[in-house]
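# Examining the three-dimensional arrangement
One letter stands for each residue in the lines below.
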Number of protein chains: 2
Amino acid sequence: MRQPAGRSARRSGGERKPREERWAELIEVATRVFYEKGYDAASLQDIADRLGMLKGSLYYYIQSKEDLLFDVISAVHKEGLAVVRARAGTPGDPLQRLRNVIVGHVEHTCQNLVQTTVFLHELSALPPERRTEVLGNEHAYQGVFRDLIELAQKEGLVRADLDPRLAALSVLGSTNWVYRWFRPGGEFTAEQIAAELAEMAIRGIASTE
Amino acid sequence: MRQPAGRSARRSGGERKPREERWAELIEVATRVFYEKGYDAASLQDIADRLGMLKGSLYYYIQSKEDLLFDVISAVHKEGLAVVRARAGTPGDPLQRLRNVIVGHVEHTCQNLVQTTVFLHELSALPPERRTEVLGNEHAYQGVFRDLIELAQKEGLVRADLDPRLAALSVLGSTNWVYRWFRPGGEFTAEQIAAELAEMAIRGIASTE
DNA sequence: ACCGCTACCAAACGGCCGTTAGACGATGAT
DNA sequence: ATCATCGTCTAACGGCCGTTTGGTAGCGGT
(Lines give C-alpha, C1' and ligand atoms only; values in the text may rest on other atoms or scores of the structure.)
Protein backbone atom coordinates (compact mmCIF):
# COMPACT_ATOMS: atom_id res chain seq x y z
CA MET A 1 0.00 0.00 0.00
CA ARG A 2 1.50 3.26 -0.98
CA GLN A 3 -1.54 5.44 -0.94
CA PRO A 4 -2.33 7.12 2.41
CA ALA A 5 -4.42 4.04 2.97
CA GLY A 6 -8.10 3.23 2.85
CA ARG A 7 -10.37 6.09 2.11
CA SER A 8 -8.07 7.93 -0.25
CA ALA A 9 -7.51 5.17 -2.78
CA ARG A 10 -11.25 5.20 -3.48
CA ARG A 11 -11.41 8.43 -5.39
CA SER A 12 -13.95 7.44 -7.99
CA GLY A 13 -13.88 8.35 -11.66
CA GLY A 14 -15.36 11.75 -10.97
CA GLU A 15 -13.80 14.46 -13.05
CA ARG A 16 -14.19 17.96 -11.81
CA LYS A 17 -15.52 20.40 -14.37
CA PRO A 18 -16.66 24.03 -14.40
CA ARG A 19 -20.29 24.62 -13.76
CA GLU A 20 -21.37 25.70 -17.18
CA GLU A 21 -19.81 22.77 -18.93
CA ARG A 22 -21.32 20.27 -16.51
CA TRP A 23 -24.68 21.87 -16.82
CA ALA A 24 -24.64 21.39 -20.57
CA GLU A 25 -23.62 17.77 -20.11
CA LEU A 26 -26.33 17.28 -17.56
CA ILE A 27 -29.08 18.56 -19.85
CA GLU A 28 -27.75 16.47 -22.70
CA VAL A 29 -27.58 13.29 -20.66
CA ALA A 30 -30.95 13.86 -19.03
CA THR A 31 -32.54 14.37 -22.43
CA ARG A 32 -31.15 11.10 -23.68
CA VAL A 33 -32.16 9.16 -20.56
CA PHE A 34 -35.68 10.58 -20.63
CA TYR A 35 -35.84 9.66 -24.30
CA GLU A 36 -34.78 6.08 -23.70
CA LYS A 37 -36.74 5.27 -20.57
CA GLY A 38 -39.42 7.89 -20.28
CA TYR A 39 -39.40 10.48 -17.53
CA ASP A 40 -41.04 8.47 -14.78
CA ALA A 41 -39.06 5.32 -15.39
CA ALA A 42 -35.78 7.23 -15.61
CA SER A 43 -33.92 7.68 -12.35
CA LEU A 44 -31.44 10.26 -11.20
CA GLN A 45 -29.18 7.31 -10.63
CA ASP A 46 -29.19 6.61 -14.37
CA ILE A 47 -28.27 10.18 -15.16
CA ALA A 48 -25.59 10.46 -12.49
CA ASP A 49 -24.04 7.19 -13.63
CA ARG A 50 -23.56 8.45 -17.16
CA LEU A 51 -22.01 11.64 -15.85
CA GLY A 52 -19.70 9.71 -13.57
CA MET A 53 -21.03 11.27 -10.40
CA LEU A 54 -23.32 10.40 -7.53
CA LYS A 55 -27.01 11.14 -7.72
CA GLY A 56 -26.85 13.36 -4.67
CA SER A 57 -24.33 15.56 -6.46
CA LEU A 58 -26.93 16.44 -9.06
CA TYR A 59 -28.56 18.62 -6.46
CA TYR A 60 -25.69 21.02 -6.77
CA TYR A 61 -27.26 21.84 -10.16
CA ILE A 62 -30.97 21.28 -9.73
CA GLN A 63 -33.66 21.62 -7.11
CA SER A 64 -35.67 18.62 -8.26
CA LYS A 65 -35.90 15.98 -10.95
CA GLU A 66 -38.81 17.86 -12.43
CA ASP A 67 -36.52 20.83 -13.06
CA LEU A 68 -34.56 18.73 -15.50
CA LEU A 69 -37.63 17.79 -17.50
CA PHE A 70 -38.82 21.35 -17.50
CA ASP A 71 -35.54 22.70 -18.79
CA VAL A 72 -35.24 20.08 -21.48
CA ILE A 73 -38.78 20.63 -22.66
CA SER A 74 -38.86 24.40 -22.61
CA ALA A 75 -35.55 24.62 -24.45
CA VAL A 76 -36.67 22.57 -27.43
CA HIS A 77 -40.09 24.18 -27.47
CA LYS A 78 -38.61 27.65 -27.52
CA GLU A 79 -36.26 26.69 -30.31
CA GLY A 80 -38.96 25.09 -32.44
CA LEU A 81 -41.27 28.01 -31.95
CA ALA A 82 -38.55 30.38 -33.10
CA VAL A 83 -38.13 28.32 -36.26
CA VAL A 84 -41.78 28.38 -37.26
CA ARG A 85 -42.24 32.02 -36.31
CA ALA A 86 -39.30 33.04 -38.41
CA ARG A 87 -40.70 31.17 -41.38
CA ALA A 88 -44.18 32.52 -40.81
CA GLY A 89 -42.77 36.02 -41.21
CA THR A 90 -41.17 35.54 -44.60
CA PRO A 91 -42.59 37.28 -47.67
CA GLY A 92 -45.08 35.54 -49.94
CA ASP A 93 -48.76 34.69 -49.77
CA PRO A 94 -50.06 32.97 -46.62
CA LEU A 95 -50.16 29.57 -48.25
CA GLN A 96 -46.56 29.78 -49.40
CA ARG A 97 -45.60 30.85 -45.91
CA LEU A 98 -47.53 27.98 -44.42
CA ARG A 99 -45.64 25.59 -46.64
CA ASN A 100 -42.44 27.17 -45.45
CA VAL A 101 -43.52 26.82 -41.83
CA ILE A 102 -44.41 23.17 -42.23
CA VAL A 103 -41.11 22.37 -43.89
CA GLY A 104 -39.18 24.13 -41.14
CA HIS A 105 -41.19 22.46 -38.43
CA VAL A 106 -40.71 18.96 -39.80
CA GLU A 107 -37.02 19.44 -40.49
CA HIS A 108 -36.48 20.79 -37.01
CA THR A 109 -38.29 17.79 -35.61
CA CYS A 110 -36.16 15.34 -37.56
CA GLN A 111 -32.92 17.11 -36.75
CA ASN A 112 -33.73 17.23 -33.05
CA LEU A 113 -35.49 13.92 -32.76
CA VAL A 114 -34.48 13.09 -29.20
CA GLN A 115 -35.38 16.45 -27.71
CA THR A 116 -38.59 16.66 -29.69
CA THR A 117 -39.63 13.20 -28.58
CA VAL A 118 -39.11 14.10 -24.95
CA PHE A 119 -41.06 17.30 -25.48
CA LEU A 120 -44.02 15.68 -27.17
CA HIS A 121 -44.09 12.54 -25.07
CA GLU A 122 -43.24 13.77 -21.59
CA LEU A 123 -45.02 17.08 -21.60
CA SER A 124 -47.86 15.37 -19.81
CA ALA A 125 -45.51 14.44 -16.96
CA LEU A 126 -45.20 18.09 -16.02
CA PRO A 127 -47.76 19.47 -13.58
CA PRO A 128 -50.38 21.56 -15.39
CA GLU A 129 -48.94 24.83 -14.19
CA ARG A 130 -45.48 24.29 -15.61
CA ARG A 131 -47.02 22.76 -18.72
CA THR A 132 -48.81 25.96 -19.64
CA GLU A 133 -45.72 27.90 -18.64
CA VAL A 134 -43.98 26.09 -21.48
CA LEU A 135 -46.74 26.24 -24.05
CA GLY A 136 -47.72 29.82 -23.46
CA ASN A 137 -51.18 30.65 -22.31
CA GLU A 138 -52.86 29.80 -25.57
CA HIS A 139 -50.84 27.30 -27.51
CA ALA A 140 -48.38 29.46 -29.36
CA TYR A 141 -47.41 26.74 -31.76
CA GLN A 142 -50.93 26.00 -32.82
CA GLY A 143 -51.57 29.71 -33.18
CA VAL A 144 -48.91 30.16 -35.84
CA PHE A 145 -50.53 27.53 -38.02
CA ARG A 146 -54.07 28.66 -37.38
CA ASP A 147 -53.38 32.31 -38.04
CA LEU A 148 -51.75 31.58 -41.38
CA ILE A 149 -54.63 29.37 -42.41
CA GLU A 150 -57.14 31.98 -41.37
CA LEU A 151 -55.31 34.62 -43.34
CA ALA A 152 -55.10 32.40 -46.39
CA GLN A 153 -58.80 31.74 -46.08
CA LYS A 154 -59.60 35.45 -46.12
CA GLU A 155 -57.64 35.76 -49.32
CA GLY A 156 -59.62 32.92 -50.84
CA LEU A 157 -56.68 30.54 -50.92
CA VAL A 158 -58.27 28.12 -48.49
CA ARG A 159 -61.71 26.56 -48.68
CA ALA A 160 -64.26 28.84 -47.06
CA ASP A 161 -66.15 26.01 -45.38
CA LEU A 162 -63.13 24.89 -43.37
CA ASP A 163 -62.60 25.70 -39.72
CA PRO A 164 -59.05 27.07 -39.42
CA ARG A 165 -58.63 25.58 -35.96
CA LEU A 166 -59.47 22.13 -37.20
CA ALA A 167 -57.23 22.57 -40.20
CA ALA A 168 -54.36 23.66 -37.95
CA LEU A 169 -54.84 20.62 -35.73
CA SER A 170 -54.85 18.37 -38.76
CA VAL A 171 -51.59 19.79 -40.04
CA LEU A 172 -49.99 19.73 -36.61
CA GLY A 173 -51.07 16.12 -36.27
CA SER A 174 -49.47 14.85 -39.42
CA THR A 175 -46.28 16.83 -38.75
CA ASN A 176 -45.92 16.13 -35.04
CA TRP A 177 -46.53 12.46 -35.64
CA VAL A 178 -43.24 12.35 -37.48
CA TYR A 179 -41.31 11.84 -34.24
CA ARG A 180 -43.00 8.47 -33.99
CA TRP A 181 -41.61 6.97 -37.15
CA PHE A 182 -38.75 9.03 -38.53
CA ARG A 183 -35.33 7.41 -38.14
CA PRO A 184 -32.14 9.06 -39.40
CA GLY A 185 -30.60 7.06 -42.19
CA GLY A 186 -33.90 5.35 -42.81
CA GLU A 187 -36.16 5.13 -45.81
CA PHE A 188 -36.79 8.87 -46.19
CA THR A 189 -34.71 11.95 -45.61
CA ALA A 190 -35.95 14.77 -43.44
CA GLU A 191 -36.20 17.02 -46.48
CA GLN A 192 -38.30 14.52 -48.43
CA ILE A 193 -40.67 14.08 -45.56
CA ALA A 194 -40.97 17.79 -44.93
CA ALA A 195 -41.69 18.56 -48.57
CA GLU A 196 -44.22 15.77 -49.03
CA LEU A 197 -46.10 16.45 -45.82
CA ALA A 198 -46.28 20.13 -46.69
CA GLU A 199 -47.60 19.33 -50.13
CA MET A 200 -50.31 17.03 -48.78
CA ALA A 201 -51.30 19.46 -46.06
CA ILE A 202 -51.68 22.38 -48.43
CA ARG A 203 -53.57 20.43 -51.04
CA GLY A 204 -55.84 19.27 -48.26
CA ILE A 205 -56.96 22.74 -47.31
CA ALA A 206 -56.52 24.78 -50.50
CA SER A 207 -59.55 26.01 -52.38
CA THR A 208 -60.26 24.34 -55.70
CA GLU A 209 -60.15 26.97 -58.39
CA MET B 1 -68.95 -3.59 21.90
CA ARG B 2 -71.18 -6.16 20.38
CA GLN B 3 -68.88 -7.44 17.71
CA PRO B 4 -66.66 -10.38 18.70
CA ALA B 5 -64.14 -7.65 19.50
CA GLY B 6 -60.95 -6.39 17.94
CA ARG B 7 -59.91 -7.99 14.75
CA SER B 8 -63.36 -8.75 13.49
CA ALA B 9 -64.73 -5.21 13.56
CA ARG B 10 -62.04 -4.23 11.07
CA ARG B 11 -63.55 -5.89 8.06
CA SER B 12 -62.75 -3.24 5.50
CA GLY B 13 -65.04 -2.05 2.69
CA GLY B 14 -64.05 -4.93 0.49
CA GLU B 15 -66.97 -6.38 -1.39
CA ARG B 16 -66.61 -9.87 -2.64
CA LYS B 17 -67.46 -10.33 -6.29
CA PRO B 18 -67.29 -13.11 -8.88
CA ARG B 19 -64.11 -13.32 -10.86
CA GLU B 20 -65.41 -12.17 -14.21
CA GLU B 21 -67.07 -9.09 -12.86
CA ARG B 22 -64.03 -8.07 -10.89
CA TRP B 23 -61.78 -8.63 -13.85
CA ALA B 24 -63.87 -6.24 -15.92
CA GLU B 25 -63.72 -3.68 -13.14
CA LEU B 26 -59.99 -4.15 -12.81
CA ILE B 27 -59.35 -3.49 -16.49
CA GLU B 28 -61.64 -0.50 -16.41
CA VAL B 29 -60.01 1.01 -13.35
CA ALA B 30 -56.49 0.27 -14.54
CA THR B 31 -57.23 1.97 -17.85
CA ARG B 32 -58.43 5.08 -16.09
CA VAL B 33 -55.48 5.20 -13.70
CA PHE B 34 -52.98 4.70 -16.50
CA TYR B 35 -54.77 7.45 -18.39
CA GLU B 36 -54.59 9.89 -15.52
CA LYS B 37 -51.08 9.25 -14.25
CA GLY B 38 -49.25 7.42 -16.99
CA TYR B 39 -48.23 3.79 -16.62
CA ASP B 40 -44.97 4.28 -14.76
CA ALA B 41 -46.30 6.85 -12.35
CA ALA B 42 -49.41 4.80 -11.64
CA SER B 43 -49.15 2.33 -8.79
CA LEU B 44 -50.99 -0.85 -8.02
CA GLN B 45 -51.92 0.88 -4.79
CA ASP B 46 -53.88 3.47 -6.79
CA ILE B 47 -55.73 0.77 -8.66
CA ALA B 48 -56.45 -1.36 -5.61
CA ASP B 49 -57.72 1.68 -3.70
CA ARG B 50 -60.34 2.45 -6.32
CA LEU B 51 -61.44 -1.16 -6.32
CA GLY B 52 -61.67 -1.19 -2.55
CA MET B 53 -59.10 -3.92 -2.12
CA LEU B 54 -55.47 -4.30 -1.18
CA LYS B 55 -52.75 -4.19 -3.78
CA GLY B 56 -51.60 -7.69 -2.92
CA SER B 57 -55.05 -8.99 -3.77
CA LEU B 58 -54.61 -7.89 -7.35
CA TYR B 59 -52.24 -10.80 -7.81
CA TYR B 60 -55.17 -13.13 -7.65
CA TYR B 61 -55.97 -11.71 -11.12
CA ILE B 62 -52.63 -10.81 -12.64
CA GLN B 63 -49.05 -12.02 -12.71
CA SER B 64 -47.52 -8.58 -12.99
CA LYS B 65 -48.34 -4.91 -13.42
CA GLU B 66 -47.21 -5.13 -17.01
CA ASP B 67 -49.96 -7.66 -17.69
CA LEU B 68 -52.51 -4.98 -16.98
CA LEU B 69 -51.01 -2.58 -19.47
CA PHE B 70 -50.73 -5.29 -22.06
CA ASP B 71 -54.35 -6.31 -21.71
CA VAL B 72 -55.62 -2.77 -21.83
CA ILE B 73 -53.56 -1.94 -24.88
CA SER B 74 -54.17 -5.06 -26.88
CA ALA B 75 -57.92 -4.88 -26.28
CA VAL B 76 -58.33 -1.39 -27.69
CA HIS B 77 -55.93 -2.07 -30.53
CA LYS B 78 -57.79 -5.17 -31.55
CA GLU B 79 -61.08 -3.32 -31.43
CA GLY B 80 -59.83 -0.37 -33.46
CA LEU B 81 -58.26 -2.62 -36.02
CA ALA B 82 -61.54 -4.46 -36.44
CA VAL B 83 -63.28 -1.16 -37.08
CA VAL B 84 -60.96 0.00 -39.83
CA ARG B 85 -60.72 -3.42 -41.43
CA ALA B 86 -64.48 -3.69 -41.59
CA ARG B 87 -64.71 -0.29 -43.25
CA ALA B 88 -61.86 -1.08 -45.62
CA GLY B 89 -63.87 -4.01 -46.90
CA THR B 90 -67.01 -2.10 -47.83
CA PRO B 91 -67.96 -1.63 -51.49
CA GLY B 92 -66.94 1.46 -53.43
CA ASP B 93 -63.74 2.77 -54.98
CA PRO B 94 -60.58 2.76 -52.84
CA LEU B 95 -60.80 6.47 -52.09
CA GLN B 96 -64.36 6.21 -50.85
CA ARG B 97 -63.33 3.28 -48.72
CA LEU B 98 -60.38 5.24 -47.36
CA ARG B 99 -62.70 8.04 -46.37
CA ASN B 100 -64.88 5.50 -44.65
CA VAL B 101 -61.89 4.06 -42.82
CA ILE B 102 -60.71 7.46 -41.63
CA VAL B 103 -64.15 8.39 -40.37
CA GLY B 104 -64.43 5.11 -38.50
CA HIS B 105 -60.97 5.41 -37.07
CA VAL B 106 -61.49 8.94 -35.78
CA GLU B 107 -64.91 8.22 -34.35
CA HIS B 108 -63.60 5.15 -32.60
CA THR B 109 -60.79 7.23 -31.16
CA CYS B 110 -63.14 9.87 -29.85
CA GLN B 111 -65.60 7.38 -28.46
CA ASN B 112 -62.87 5.47 -26.67
CA LEU B 113 -60.67 8.37 -25.73
CA VAL B 114 -59.30 6.97 -22.50
CA GLN B 115 -58.36 3.57 -23.87
CA THR B 116 -56.95 5.06 -27.06
CA THR B 117 -54.83 7.50 -25.11
CA VAL B 118 -53.35 4.72 -23.03
CA PHE B 119 -52.71 2.74 -26.16
CA LEU B 120 -50.98 5.52 -28.04
CA HIS B 121 -49.14 6.99 -25.10
CA GLU B 122 -48.07 3.96 -23.10
CA LEU B 123 -47.29 1.55 -25.90
CA SER B 124 -43.66 2.54 -25.47
CA ALA B 125 -43.76 1.36 -21.86
CA LEU B 126 -44.17 -2.21 -23.04
CA PRO B 127 -40.99 -4.19 -23.68
CA PRO B 128 -40.31 -4.47 -27.44
CA GLU B 129 -41.41 -8.07 -27.60
CA ARG B 130 -44.87 -7.48 -26.24
CA ARG B 131 -45.12 -4.30 -28.23
CA THR B 132 -44.81 -6.12 -31.53
CA GLU B 133 -47.10 -8.81 -30.17
CA VAL B 134 -49.76 -6.12 -30.01
CA LEU B 135 -49.05 -4.36 -33.27
CA GLY B 136 -48.61 -7.46 -35.36
CA ASN B 137 -45.35 -8.09 -37.07
CA GLU B 138 -45.70 -5.34 -39.61
CA HIS B 139 -47.95 -2.61 -38.34
CA ALA B 140 -51.38 -3.88 -39.26
CA TYR B 141 -53.02 -0.52 -38.73
CA GLN B 142 -50.66 1.30 -41.01
CA GLY B 143 -51.06 -1.42 -43.59
CA VAL B 144 -54.77 -0.89 -43.97
CA PHE B 145 -54.25 2.75 -44.84
CA ARG B 146 -51.25 2.14 -47.07
CA ASP B 147 -52.89 -0.65 -49.03
CA LEU B 148 -55.96 1.42 -49.79
CA ILE B 149 -53.84 4.34 -50.91
CA GLU B 150 -51.71 2.10 -53.08
CA LEU B 151 -54.81 0.64 -54.65
CA ALA B 152 -56.28 4.06 -55.28
CA GLN B 153 -53.04 5.13 -56.86
CA LYS B 154 -53.13 2.22 -59.29
CA GLU B 155 -56.60 3.31 -60.33
CA GLY B 156 -55.35 6.83 -60.91
CA LEU B 157 -57.30 8.30 -58.03
CA VAL B 158 -54.18 9.30 -56.11
CA ARG B 159 -51.22 11.33 -57.37
CA ALA B 160 -48.70 9.05 -59.03
CA ASP B 161 -45.69 10.83 -57.55
CA LEU B 162 -46.76 10.15 -53.98
CA ASP B 163 -45.23 7.42 -51.82
CA PRO B 164 -48.15 5.46 -50.33
CA ARG B 165 -46.21 4.77 -47.15
CA LEU B 166 -45.62 8.45 -46.56
CA ALA B 167 -49.19 9.27 -47.40
CA ALA B 168 -50.40 6.63 -44.93
CA LEU B 169 -48.19 8.05 -42.21
CA SER B 170 -49.49 11.52 -42.89
CA VAL B 171 -53.09 10.42 -42.59
CA LEU B 172 -52.38 8.34 -39.50
CA GLY B 173 -50.65 11.33 -37.98
CA SER B 174 -53.51 13.76 -38.36
CA THR B 175 -56.03 11.19 -37.17
CA ASN B 176 -54.05 9.72 -34.29
CA TRP B 177 -53.21 13.18 -33.04
CA VAL B 178 -56.89 13.64 -32.26
CA TYR B 179 -56.48 11.96 -28.87
CA ARG B 180 -54.36 14.94 -27.86
CA TRP B 181 -56.99 17.59 -28.25
CA PHE B 182 -60.47 16.09 -28.57
CA ARG B 183 -62.65 16.57 -25.51
CA PRO B 184 -66.23 15.27 -25.35
CA GLY B 185 -68.68 18.12 -25.14
CA GLY B 186 -66.08 20.49 -26.51
CA GLU B 187 -65.96 22.70 -29.57
CA PHE B 188 -66.36 19.93 -32.14
CA THR B 189 -68.29 16.67 -32.23
CA ALA B 190 -66.57 13.43 -33.09
CA GLU B 191 -68.54 13.26 -36.33
CA GLN B 192 -67.51 16.75 -37.42
CA ILE B 193 -63.89 16.02 -36.74
CA ALA B 194 -63.99 12.69 -38.49
CA ALA B 195 -65.64 14.13 -41.59
CA GLU B 196 -63.35 17.14 -41.84
CA LEU B 197 -60.15 15.21 -41.26
CA ALA B 198 -61.20 12.68 -43.88
CA GLU B 199 -61.96 15.45 -46.36
CA MET B 200 -58.59 17.12 -45.84
CA ALA B 201 -56.70 13.85 -46.00
CA ILE B 202 -58.32 12.78 -49.24
CA ARG B 203 -57.94 16.14 -50.92
CA GLY B 204 -54.31 16.03 -49.87
CA ILE B 205 -53.53 12.87 -51.76
CA ALA B 206 -56.08 12.81 -54.58
CA SER B 207 -55.00 13.36 -58.14
CA THR B 208 -56.03 16.65 -59.71
CA GLU B 209 -58.22 15.91 -62.69
C1' DA C 1 0.56 30.81 4.33
C1' DC C 2 -3.95 31.32 4.56
C1' DC C 3 -8.81 31.70 3.10
C1' DG C 4 -12.95 30.90 0.83
C1' DC C 5 -15.24 29.06 -2.73
C1' DT C 6 -16.41 25.54 -6.01
C1' DA C 7 -17.59 21.03 -7.44
C1' DC C 8 -18.18 17.03 -5.73
C1' DC C 9 -18.39 12.82 -2.24
C1' DA C 10 -20.32 9.95 1.61
C1' DA C 11 -23.93 8.39 3.90
C1' DA C 12 -28.05 8.36 5.25
C1' DC C 13 -33.36 9.52 5.30
C1' DG C 14 -38.33 8.11 5.02
C1' DG C 15 -41.22 6.37 1.78
C1' DC C 16 -43.29 3.87 -1.71
C1' DC C 17 -42.67 0.29 -5.11
C1' DG C 18 -43.98 -4.50 -7.15
C1' DT C 19 -44.31 -8.91 -5.43
C1' DT C 20 -44.97 -13.08 -2.36
C1' DA C 21 -46.66 -16.12 1.42
C1' DG C 22 -49.92 -17.79 4.23
C1' DA C 23 -54.32 -17.44 6.67
C1' DC C 24 -59.30 -17.10 6.56
C1' DG C 25 -64.33 -16.25 6.12
C1' DA C 26 -67.95 -17.00 3.08
C1' DT C 27 -70.15 -19.75 -0.39
C1' DG C 28 -71.89 -23.70 -2.71
C1' DA C 29 -71.57 -28.71 -3.60
C1' DT C 30 -71.83 -33.20 -1.53
C1' DA D 1 -72.49 -31.58 8.51
C1' DT D 2 -68.43 -31.61 5.98
C1' DC D 3 -65.39 -29.94 2.76
C1' DA D 4 -63.17 -27.70 -1.17
C1' DT D 5 -62.88 -23.63 -3.45
C1' DC D 6 -62.94 -18.85 -4.17
C1' DG D 7 -61.94 -14.06 -3.32
C1' DT D 8 -59.76 -11.30 -0.25
C1' DC D 9 -56.85 -9.90 3.85
C1' DT D 10 -52.61 -9.56 6.63
C1' DA D 11 -48.09 -8.90 6.74
C1' DA D 12 -44.11 -8.80 5.25
C1' DC D 13 -39.97 -8.79 1.69
C1' DG D 14 -35.93 -6.48 -0.60
C1' DG D 15 -35.11 -2.78 -3.36
C1' DC D 16 -34.92 1.55 -5.37
C1' DC D 17 -36.67 6.19 -5.29
C1' DG D 18 -35.89 11.47 -4.80
C1' DT D 19 -33.91 14.28 -1.50
C1' DT D 20 -31.01 16.18 2.47
C1' DT D 21 -27.02 16.98 5.33
C1' DG D 22 -22.49 17.56 6.30
C1' DG D 23 -18.15 17.04 4.91
C1' DT D 24 -13.75 17.91 1.92
C1' DA D 25 -10.13 18.16 -1.73
C1' DG D 26 -8.28 21.40 -4.69
C1' DC D 27 -7.86 25.69 -6.60
C1' DG D 28 -7.45 31.06 -7.20
C1' DG D 29 -6.90 35.13 -4.90
C1' DT D 30 -4.54 37.69 -1.34
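Residues numbered from 1 in each chain as written. Chains lettered and ligands numbered in written order. Predicted model: local features only at pLDDT ≥ 70, side-chain atom pairs only at ≥ 80, totals over all residues. Heavy atoms only, no water.

## Description of the relation of the copies chain B and chain A
Superposing chain B onto chain A requires a rotation of 180 degrees together with a translation of 0.0 Å along the rotation axis, leaving an RMSD of 0.1 Å. On the angle and the small slide along the axis, the relation comes out as a two-fold axis. Taken as a fraction of all interface residues of chain B, those also at the interface in chain A reach 100%, which identifies the copy contact as same-surface. (Least-squares fit on C-alpha atoms with pLDDT ≥ 70 in both. Contact = heavy atoms within 4.5 Å.)

## Observations concerning the protein's contact with DNA strand C
If you check the shell around DNA strand C, you find 26 residues, and the closest are R16(A), Y60(A), Y61(A), R16(B) and Y59(B). Of what DNA strand C places within 4 Å of the protein, 66% of the atoms are sugar or phosphate. Within the side chain of R22(A), a nitrogen or oxygen atom sits 3.0 Å from a phosphate oxygen of DNA strand C. A42(B) is positioned with one of its backbone polar atoms (N or O) 3.4 Å from a phosphate oxygen of DNA strand C. Taken together, the elements giving at least two residues each to the surface near DNA strand C come down to α1 (19–37) of chain A together with α2 (44–51) of chain B. The residue makeup of the surface near DNA strand C, split by class, is eight nonpolar, eight polar and ten charged. (Near = heavy atom within 4 Å. Polar contact = N/O pair within 3.5 Å; in protein donor to acceptor, adjacent residues only side chain to side chain. Helix = DSSP H or I, 4+ residues; strand = E, 2+ residues; numbered from the N terminus. Nonpolar A, V, L, I, M, F, W, Y, C, P; charged D, E, K, R; others polar.)

## Brief notes about the protein's contact with DNA strand D
Near DNA strand D you find 26 residues, and of these Y59(A), R16(B), R22(B), Y60(B) and Y61(B) are the closest. Those atoms of DNA strand D that come within 4 Å of the protein belong to sugar or phosphate at a rate of 63%. In this structure, a phosphate oxygen belonging to DNA strand D sits 3.0 Å away from a side-chain N or O atom of S43(A). Looking at the surface near DNA strand D residue by residue, the classes come out as eight nonpolar, eight polar and ten charged.

## A few points about the nonpolar core
In terms of nonpolar packing, the biggest core is built from 141 residues, with I47(A), F145(A), I47(B) and F145(B) touching the most fellow members. With near-sequence residues (within four places) excluded, F145(B) lies in contact with L98(B), V101(B), I102(B), H105(B), A168(B), V171(B) and L172(B). (Core = buried A, V, L, I, M, F, W, Y, C linked by side-chain atoms within 4.5 Å. Buried < 20%, exposed > 50% of the residue type's maximum accessible area, 1.4 Å probe, protein only.)

## Considering the packing of aromatic side chains
A complete count under the given rule lists four aromatic pairs over all chains for this structure. An angle of 85 degrees between the planes, with centres 5.1 Å apart, marks the rings of Y60(A) and Y61(A) as edge-to-face. We note R19(B) situated over the ring of Y60(B); from NZ or CZ to the ring centre the distance is 4.6 Å. Cation over ring: R130(B) sits above F70(B), and NZ or CZ is 4.2 Å from the ring centre. (Phe/Tyr/Trp six-rings, centres within 6.5 Å; stacked < 30°, edge-to-face > 60°. Lys NZ or Arg CZ within 6 Å of the ring centre and 35° of its normal.)

## Comments concerning the interface of chain B and chain A
Contact residues are listed per partner, giving 34 residues for chain B and 34 residues for chain A. Summed over both partners, the interface of chain B with chain A buries about 3,000 Å², with 64% contributed by carbon and sulfur atoms. The three residues of chain B that bury the most area against chain A are L166(B), W177(B) and M200(B), which together make up 23% of that side's buried surface. One can count two salt bridges joining chain B with chain A. Joining chain B to chain A, the criterion identifies six residue pairs in polar contact (both at pLDDT 80 or more). (Buried area = accessible area lost by both parts, 1.4 Å probe. Salt bridge = Lys/Arg side-chain N within 4 Å of Asp/Glu carboxyl O.)

## Digging into the domain arrangement of chain A
Residues and elements named next belong to chain A. One can read the domain layout of chain A as domain 1 (15–62) and domain 2 (73–205). Spacing between the C-alpha centres of domain 1 and domain 2 amounts to 30 Å. Each partner contributes to the interface: domain 1 provides six residues, whereas domain 2 provides six residues. Taking both partners together, domain 1 and domain 2 bury about 580 Å²; carbon and sulfur atoms supply 77% of that area. It is T31, Y35 and Y39 that lose the most area in domain 1 upon contact with domain 2, and together they represent 72% of the buried surface on that side. The interface formed by domain 1 and domain 2 contains zero salt bridges. Our count for the domain 1 to domain 2 interface comes out at one residue pair in polar contact (both at pLDDT 80 or more). When grouped by side-chain class, the residues that make up the side of domain 1 that touches domain 2 number three nonpolar, two polar and one charged. (Domains from an automatic or database assignment.)

## Remarks on the environment of A152(B)
Summarising the element assignment, A152(B) is placed in helix α7 (residues 140–154). The sequence separation of A152(B) and H139(B) amounts to 13 residues, and the corresponding C-alpha distance is 20 Å.

## Focus: the packing of helix α7 (residues 140–154) of chain A against helix α8 (residues 164–176) of chain A
All names here are of chain A. Viewed as axis vectors pointing N to C, α7 and α8 meet at an angle of 125 degrees, and their least axial separation amounts to 8 Å. The angle between the axes of α7 and α8 places the two elements in the oblique class. By crossing handedness, the relation of α7 to α8 is classed as right-handed. Contacts between α7 and α8 involve Y141, Q142, F145, R146, I149, E150 and Q153 from the first element and P164, R165, A167, A168, L169, V171 and L172 from the second. (Axes fitted to C-alpha atoms, helices over the stretch in contact; angles between N-to-C directions. Parallel < 35°, antiparallel > 145°, perpendicular 65-115°, else oblique. Left-handed = near helix turned anticlockwise from the far one by under 90°.)

## Comments concerning helix α6 (residues 128–135) of chain A
All names here are of chain A. Within α6, burial applies to R130, V134 and L135. End-on, the buried residues of α6 take up no more than an arc of 135 degrees, which puts them together on one face. Summarising the geometry of α6, the exposed residues directed more than 90 degrees from the buried face are P128, E129 and E133. Those residues of α6 that are buried lie in contact with α3 (65–88), α5 (113–122) and α7. Following α6 by one or two positions, G136 adopts a phi angle in the positive range, close to 80 degrees. (Arc of directions from axis to C-beta.)

## Describing the environment of K55(A)
Residue and element names in this part refer to chain A. Tracing the sequence through the fold places K55 in the loop between α2 (44–51) and α3. Looking at K55, the relative accessible area reads 45%, which means it is partly exposed. Between the C-alpha atom of K55 and that of L123, which follows or precedes it by 68 residues, the distance is 24 Å. Here K55 is in contact with L44, Q45 and A48, once residues within four sequence places are set aside.

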